[in-house]
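# Structural characterization, general
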Amino acid sequence: MDAQKMTARRRLLNAALWAVCSVLAPSITAASDELIDAGESVEGIVTDIRYAGKNNFLGRPVAGYRTAKCWLSREASSALSKAQRLAETQGLAILIYDCYRPQRAVDDFVQWVTGDEDEPAKAIYYPNVPRSKLIDRGYIASRSGHSRGSTIDLTLIAIESGQPLNMGTPWDYFDARSHTASTEIDEDAARNRQVLKRIMKSAGFRAYYAEWWHFTLDNEPYPDTYFDIPIE
Ligand SMILES: [Zn+2]
């Protein structure tokens, strides 16, 4: 075989190998048939999956979060990618706090409300509501849209400074000041909430009036399925 034929053959082999790898690649990042690792597949976003650690209203890792990953449906993941591109045109990036949430995590929240665990995070997340009232007042429910795989909690960071924008309250702050249209926050925060809402709306998500950080994909692919696959 002459050198030229050899090169052509090698090129063909490389092409075949590349094709095999690109077919295999999505299955490497797939978390399940329905959910993928969006933190890995969406370029440019930053993740800080709070329920996998201690910086959340329970003050401890939540059931079902075996690792800090952002799993989403393919559809939500691709819309999130669009949101990130839109944010970038404004010098911003998306910081994700929560994505898919296993049903067992939601069950853990409900049990915690009626339990007698210590409350190390009360001052940060729910200073004005007794734990036992969190369900009655609508802050915690036995089901969450997050379990359907197309709902995200997020904020924006300025790319230049790496700092989150002022949104008036922390994420998951159980208080009326977290309502997107609250008039009890300063102008800067009110403006930033609208910037986030506009970006998410343009990317195909709808806002939730009571939590400035919470968005659900319009036409979500699994509107009636509450997944319970642990995140690992
Ligand atoms: Zn949420």
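For every chain, the first residue of its written sequence is number 1, and the numbers climb from 1 along that sequence. For a predicted model such as this one, the threshold for reporting local features is a pLDDT of at least 70, and the threshold for listing and counting side-chain atom pairs is 80 or more; totals across whole chains, interfaces and linings nevertheless cover every residue.

On to the nonpolar core, then. A set of buried residues qualifies as a nonpolar core if it consists of Ala, Val, Leu, Ile, Met, Phe, Trp, Tyr and Cys joined through C-beta atoms within 7 Å. In this scheme the burial state of a residue depends on its C-beta neighbours within 10 Å: 20 or more other such atoms mean buried, 12 or fewer mean exposed, and anything in between means partly exposed; the C-beta positions come from the backbone. Ranked by internal contacts, the top residues of the largest apolar core, which has 54 residues, are Trp71, Leu72, Leu80 and Ile96. Where helices and strands are cited, they refer to DSSP runs of H or I of at least four residues and of E of at least two residues respectively, numbered from the N terminus. For this core, the secondary-structure elements that each account for two or more residues are strand S1 (35-37), strand S3 (71-73), helix H3 (74-88), strand S4 (92-98), helix H4 (103-114), strand S5 (151-158), helix H6 (187-202) and strand S7 (211-217). Setting aside residues up to four positions removed in sequence, isoleucine 96 forms contacts with Gly39, Ile45, Thr47, Cys70, Ile152 and Leu154. The contact rule is simple: place each C-beta atom from the backbone, and if two of them lie within 7 Å, those residues are in contact.

Turning next to the pairing of strand S6 (residues 205-208). Two strands make a pair as long as DSSP finds a minimum of two bridges between them. As paired strands, S6 and S7 are joined by 4 bridges and run antiparallel to one another. Within the sheet, the bridge partner assigned to tyrosine 208 lies in S7 and is glutamate 211. If you look at the hairpin formed by S6 and S7, you'll find 2 residues sitting between the two strands.

With that out of the way, let us pick up H4. Given a helix with a known number of residues, its expected span is that number minus one, times 1.5 Å. For H4, spanning 12 residues, the distance from its first C-alpha to its last is 18 Å, which sits close to the expected 16 Å at 1.5 Å a residue. Within H4, burial applies to Ala105, Val106, Phe109 and Trp112. Buried residues of H4, viewed axially, fall in a sector of 120 degrees; they line one side. Along H4, exposed side chains directed more than 90 degrees from the buried face belong to Gln111 and Thr114. When we speak of the arc, we mean the arc of directions from the helix axis to the C-beta atoms.

Time to look at the pairing of S4. For a regular strand, side-chain orientation follows a simple rule: the groups alternate between the two sheet faces. Counting buried residues along S4, 6 of its 7 residues qualify, which places the element largely inside the surrounding structure. Summarising the sheet, strand S2 (residues 46-47) and S4 pair through 2 bridges and their orientation is parallel. When the bridges of S4 are listed, threonine 47 appears paired with isoleucine 96. Here 6 bridges tie S4 to S5, and the two strands are oriented antiparallel to one another. What sits directly across from aspartate 98, in S5, is aspartate 153.

The next point concerns the environment of alanine 83. With respect to the element layout, alanine 83 can be found in helix H3. Residue class for alanine 83 comes out buried when judged on the 24 C-beta atoms lying within 10 Å of it. Each C-alpha atom, one on alanine 83 and one on alanine 93, is 9.0 Å from the other, the two residues being 10 residues apart in sequence.

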